[in-house]
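Tertiary structure, described
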Amino acid sequence: MADTAPTARPRSPLADAAPRLAAVTRSSKGALRLAELPFLAQVNVRLDAKSPAANAVGLALGLQLPLEPDTVVHAGEVTAVWLGPDEWLVVGRPGTERDLERRIRTAAGDEPVAVTDVSAQRTTLLVGGPRARDLLAHGCALDLHPRAFGPGRCAQTTLARAQVVLVARDETRAGFWVLVRSSFAGYLVDWLLDAAVEHV
């Protein structure tokens, strides 16, 4: 029987954009930092936030699932992003999606829980540097001032009319994650590169 396992290495949706993103980072002399963070593990979790499973899942991940709307919790290499009263996106380093799924399902036990690997659905852009907020504000209606959208905040919003999950990283200097559907990633990069010309 022929081996049908895929032999090609996975290719990120923005592999061809890497040189252009790096060029903007160089030409801005540090004012902007643009890069793709490909293949991050992304697992969608739905469960009752008031159930014992929520605490058990948090313990298994080494963090407490955020209960405040539009907040993010980090612990080591795992990030939990609040998406709704009973929904989170758990993000980890590339290749850990199966481990995250297993840990979540095991911790939930017999409690009702929905765990879905959505890693292939989106890619992640890093937008950093002192001008990052200005660049994002050019195409996002949110108030991105640090007082309103500082470290540890997140939102499901639109950026240049593309639906994204925007995450402010732990430190202001760390910038933002922009999680965008793979099918819109090329469009969004073109928009970011075009808008970056005004901010470098």
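Above this text is the structure in question.
One structure accompanies this document, and this report is about it. Residue positions are counted from 1 within each chain, in the order its sequence is given. In view of the model being predicted, local features appear only for residues whose pLDDT reaches at least 70, and side-chain atom pairs are presented and counted only at 80 or more, with totals across whole chains, interfaces and linings using the full set of residues. Water and hydrogen atoms play no part in the side-chain values, which are based on all heavy atoms of the structure.

Observations concerning helix H2 (residues 52-61)
The periodicity of an α-helix, 3.6 residues per turn, causes residues three or four positions apart to be oriented the same way. Buried within H2 we find Ala-53, Ala-54, Val-57, Gly-58 and Leu-61. Projected down its long axis, H2 carries its buried residues within an arc of 135°, all on one side. Counted as exposed and oriented over 90 degrees from the buried face of H2: Pro-52, Asn-55 and Leu-59. Contacts are residue-level and defined by heavy atoms, with any inter-residue pair within 4.5 Å sufficient. Under the scheme used here, helices are H or I runs from DSSP no shorter than 4 residues and strands are E runs no shorter than 2 residues, and both carry numbers assigned from the N terminus. Tucked into the core, H2 has its buried residues touching strand S4 (78-84), strand S5 (87-92) and helix H3 (97-108). Working definition: with a 1.4 Å probe on protein chains only, accessible area under 20% of the residue-type maximum means buried, over 50% means exposed, and in between means partly exposed. This arc describes the spread of directions from the helix axis toward the C-beta atoms.

Here's the deal with the side chain of Asn-44
Among the secondary structure elements, Asn-44 is positioned in strand S2 (residues 41-46). Here a polar contact means two N or O atoms within 3.5 Å. Within protein one must be a hydrogen donor candidate and the other an acceptor candidate, and residues neighboring in sequence count only if both atoms are side-chain atoms. In this structure the side chain of Asn-44 is engaged in a polar contact, spanning 2.9 Å, whose partner is the side chain of Glu-87. Sequence-distant contacts of Asn-44, that is, excluding residues within four places in its chain, are made with Leu-83, Glu-87, Trp-88, Leu-89, Ala-114, Val-115, Thr-116 and Val-118.

As for the sheet that holds S4
Pairing between two strands requires that DSSP report at least two bridges joining them. Read from one edge of the open sheet, five strands run S3-S4-S5-S2-S6, paired in antiparallel fashion. Both outer strands of the open sheet, strand S3 (72-75) and strand S6 (114-117), are each paired with one neighbouring strand and no more. Strand-to-strand twist across the sheet, computed as the mean angle between neighbouring axes with direction ignored, equals 20°. Strand direction decides the pairing type here: S4 and S5, joined by five bridges, are antiparallel. Bridged to Thr-79 within S5 is Val-91. Across the sheet, H3 is in contact with S2, S4, S5 and S6; its angle to S2 comes to roughly 20°. In this analysis, axes come from line fits to C-alpha atoms, helices being fitted only over the stretch in contact, and the angle between any two N-to-C directions falls in the range 0 to 180 degrees.

Some remarks on the pattern of salt bridges
What makes a salt bridge here is a side-chain nitrogen of Lys or Arg within 4 Å of a carboxyl oxygen of Asp or Glu, nothing more. Following the criterion strictly, the structure yields 10 salt bridges and no others. The partner of Arg-46 in a salt bridge is Glu-87, with the nearest N and O atoms 3.8 Å apart. Taken together, the positions of Arg-46 in strand S2 and Glu-87 in strand S5 put the pair 41 residues apart, joining distant regions of the chain. Across the pair Arg-131 and Asp-134 runs a salt bridge, and its minimum N-O distance is 2.9 Å. Each of the salt bridges in this network shares a partner with another, and the network as a whole consists of Arg-46, Asp-86 and Glu-87.

Observations regarding the packing of H2 against H3
Remark: H2 packs on H3, axes separated minimally by 8 Å, with the N-to-C direction vectors making an angle of 140°. On the basis of the axis angle, H2 is oblique to H3. Crossing of H2 against H3: the hand is right-handed. Contact with H2, carried on its side by Ala-53, Ala-56, Val-57, Ala-60 and Leu-61, involves Leu-100, Arg-103, Ile-104, Ala-107 and Ala-108 of H3 and no other residues of that element. Among the residues forming the contact of H2 with H3, the class breakdown is nine nonpolar, no polar and one charged. Oblique is the label for any angle not under 35 degrees, not over 145, and not in the 65 to 115 range, which are roughly parallel, roughly antiparallel and roughly perpendicular in turn. Take the far helix as your reference; a near helix turned counterclockwise from it by less than a right angle gives a left-handed crossing, and one turned clockwise gives a right-handed crossing. Any residue outside Ala, Val, Leu, Ile, Met, Phe, Trp, Tyr, Cys, Pro, Asp, Glu, Lys and Arg is labelled polar, Gly included; the first ten of those are nonpolar and the last four are charged.

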